[in-house]
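Here is how the chains run, residue by residue.
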Amino acid sequence: MRIRLRPFGLLVAMMLLAFSSVLEAQRPELYYYRFNETSGVTTNDLANPGLPGVTAIVTNGAVFNSNLQRLGAACVNTIPATGAPVQTNKVFTASGDWSVEIWAFDNDNSDPTALRYLFGDQTANSFRCFRGGIAGANNIAFRMTGMNDVIVPGGAPFATWAHLCFVNDSRARTVTPYLNGVALPAVPQTNALPILGTATSGLDIGGYNTAVPWRGLIDEFRFWNRALTPAEVAGQMNIQLKNEVNEMAVTSVTAPLSDQVGCSTFSAAETISFEIENTGTTAMAAGTTFQASYTINGGTPVTETFMTTTTSLTIGQKELFSFATPANLAAVGTYTIDVSIVYGPDLIPLNNANQRIASSGGENLVSTFPWIETFDSVTLNGSQLAPLGWRQDPADGAGADADWYFRNISTPTGGTGPSSDHTGGGYYAHVEDDGNFAAVNLISPCIDLSSLPNPRVKFFVHSNNPAFPTGENFLSLDVISFPGGTVTMDVLGPIGHIGTSWSEVFVDIPAFSGQIVQLRFRGRSDGGSNSHDIAIDDLAVFNYVPGTGQPPQAAIAVLDINAAQSPGLSGVGSLDNGPYTTTIPGGDIISFEMKGEANQPVVLLFGALNPAIASFPGIGQLDIGGPIDPMTGIPTLIQVFADGTIPMGFNPFFNTGPAAENSVYFTMPPFPSGPLTTFQGIYFWTGGVAISNAVEILIP
């Protein structure tokens, strides 16, 4: 769930910032250390209700500092070389939503890349926060087992205070970082991220067990068992916190679901539900009344009166409510659902509103075409963190190599996968054959095909098995369609060993037109060896409209110039109808690639593009030239570029060669931008004469 600061909440936040010296607000539920003690070796936990345990210890050389504190009377100065500066001495658990805040002052300016831990608990899913190391210079990293890393750039500036906050929304599966009260992009998560610690020494502040600790100052450490709103983060970071007697908070909007995993659509009568919590210091009797309102995308509020039903809503206890008036969310798209409450005795309005972003048809819904995925948004070689909207399938297996990897260099075992991505300059996705899994699934974002009458999927695959025919693995493309989440297996594939090069593959899926779908790339690594990695790259989804030009004639007459594409966005290997096009800047190399029967001459013609101007049964059609000559029936304004039947100049190079394919290279002269000309070949073969596809050249 992502939360938006409402205008009223922003006004309150500004007021709180202005009066931070006199105003206090609600305390966190798990940990709250002010570090206001100016001497001694213990520090009080002011959380309410808090966690069971003994008083926290300031140890390993850490001391209180009353000269450079951020808030209150003092802070803690963490200067040890090893060990945890503050041991909280409480078993640390958080099962649902949670938020953690800390004020930090970095004094370690000797090496901005040095690893320094702000807090952590090695038993709690290796939960930790640190600067340097993999985070990079002056950055803060927040991570634990099963969590996608959260990086805060510039979160550790030297010799200045910085406020850091991390908010986990277990329903929306996101962790949102904040720096100095400003929200940074939320990081999608595969898991809900419960934290289950076992160490009686508890969460370390200023360190991470015996690992290198923070070197600087720490103040106002707070840990909540709920997801803070942006208004709370901005409004409370500059004030010390206390509890009010009568206080109610909206902890979350619970329905409709944000629908991150599936792609189902909502109805015209969706129930809006929310959860409130007694965040005051006294119990609320059954029958306590309050008003609640909701809006959809900032529209007209729907306001209703509610009454608590729990016999006694004790401190920290929650209750669910639903509006009687449903919301119309039938249209595919993203909805911003804001819920706010008005409770008379409540003196802290910051937490009286919450929000859910609900996507009908799935979050990160694809609805603009052609949709291209190059995987080049990945920034870390060997990462298993999928691009935005993509996800690894948690149900397909577990363990090493059970997920897809993203690389921009060779796969780890030489010769078993590609050495680079399809274009040579970015990332690709691959299944590592060191695993042994019947299915390693990579699932696309939700794709709305309602505007595509003839949807086509194309991508490039690298599938090379040096040990072929033994140890072979396979790749399949499945389609998951909604509503219902029905899986259609093998709409393409299984694809096994192909060879050492990237190959273009495509599949038309008109049966899914009008539906919302996900593409599932299902790789196998259980072929019995580790010699066959499978990779994909440069995916496209678009509406396929067949061209009106001559298609390539497989094994007879195929012309390719600089990886030309058909109107169906596919290369000549697709055998789509032409004409094909390619863009070549002046000064670049132009490559004429000819395929057909072995050792056959090719006459290469050129002229203005004119699809289907003349047809010759059994031979093909011409897509170039001007008006038809009435005497010959052949288009005029066609010229010969090269004649492979003439043994002079560069003409002899225009033939298919002994391998039935041949390439001729030239440097493209500088030409004005726009269409240059169109080439088309006349191929000689044992059956007579055949016309190749046409390729138009564009100058950028």
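Rules behind the numbers
Here the residue index of a chain counts from 1 through its sequence in written order. Totals for whole chains, interfaces and linings use all residues, but because this is a predicted model, local features are given only for residues with pLDDT of at least 70 and pairs of side-chain atoms are given and counted only at 80 or more. For side-chain calculations, the full set of non-hydrogen atoms in the structure is used, while hydrogens and water are omitted. To pair, rings of Phe, Tyr and Trp, with the six-membered ring standing in for Trp, must have centres within 6.5 Å; the planes then decide the type, stacked if under 30 degrees apart, edge-to-face if over 60, and tilted in the middle. For the purposes of this entry, the term helix denotes a DSSP run of H or I that reaches at least four residues, the term strand denotes a run of E that reaches at least two, and both are numbered from the N terminus. Throughout, exposure labels follow a simple rule: accessible area from a 1.4 Å probe, protein chains only, divided by the maximum for the residue type, with under 20% read as buried, over 50% as exposed, and the rest as partly exposed. Side-chain atoms within 4.5 Å link the members of a nonpolar core, which is a set of buried Ala, Val, Leu, Ile, Met, Phe, Trp, Tyr and Cys residues. Contact definition: two residues touch when any of their heavy atoms are within 4.5 Å. Any pair of nitrogen or oxygen atoms within 3.5 Å is treated as a polar contact; in protein, a donor-acceptor pairing is required on top of that, and neighbouring residues in sequence qualify only through side-chain atoms on both sides.

Draft legend 1. Looking closely at the packing of aromatic side chains. Evaluation of the coordinates by the stated rule reveals 47 aromatic pairs. Relative to Phe-323, the ring of Phe-274 lies with its centre 5.3 Å away and its plane at 45°, an arrangement referred to as tilted. Here the residue Phe-274 occupies a position in strand β21 (residues 273–278), and Phe-323 occupies one in the loop between β26 (318–322) and β27 (333–342), the gap between them amounting to 49 residues. For Phe-323, a relative accessible area of 4% translates into the label buried.

Draft legend 2. View of the nonpolar core. By size, the foremost hydrophobic cluster in this structure holds 43 residues, and its most contacted members are Leu-118, Phe-127, Phe-142, Phe-166, Phe-221 and Phe-223. The residues contacting Phe-127, other than those within four sequence positions of it, are Phe-92, Trp-98, Phe-119, Gly-120, Asp-121, Phe-142, Arg-143, Met-144, Ile-195, Leu-203, Tyr-208 and Phe-223.

Draft legend 3. Quick look at the environment of Leu-442. If you trace the backbone, Leu-442 turns up in strand β33 (residues 440–443). Residues Leu-442 and Leu-365, spaced 77 residues apart in sequence, show a C-alpha to C-alpha distance of 16 Å. Here Leu-442 is in contact with Phe-375, Ala-386, Trp-390, Arg-391, Gln-392, Trp-404, Phe-406, Ala-429, Leu-519, Arg-520 and Phe-521, once residues within four sequence places are set aside.

Draft legend 4. Here's a closer look at the environment of Ala-598. Looking at the secondary structure, you find Ala-598 in the loop between β43 (589–596) and β44 (602–607). Residue classification places Ala-598 among the partly exposed positions, given a relative accessible area of 32%. In the structure, Ala-598 is positioned 57 residues away from Asn-655 in sequence and 8.4 Å away in space, judged by C-alpha atoms. Other than its neighbours up to four places away in sequence, Ala-598 contacts Thr-656, Gly-657, Pro-658 and Ala-660.

Draft legend 5. Summary view of the side chain of Asn-278. Mapping Asn-278 onto the fold places it in strand β21. Here Asn-278 falls in the buried class, since its relative accessible area comes to 0%. Of the polar contacts made by the side chain of Asn-278, one reaches the backbone oxygen of Leu-313; its length is 2.8 Å. In this view, Asn-278 contacts Glu-247, Ala-283, Met-284, Leu-313, Thr-314, Ile-315, Gly-316 and Gln-317; residues no more than four positions away in its chain are not counted.

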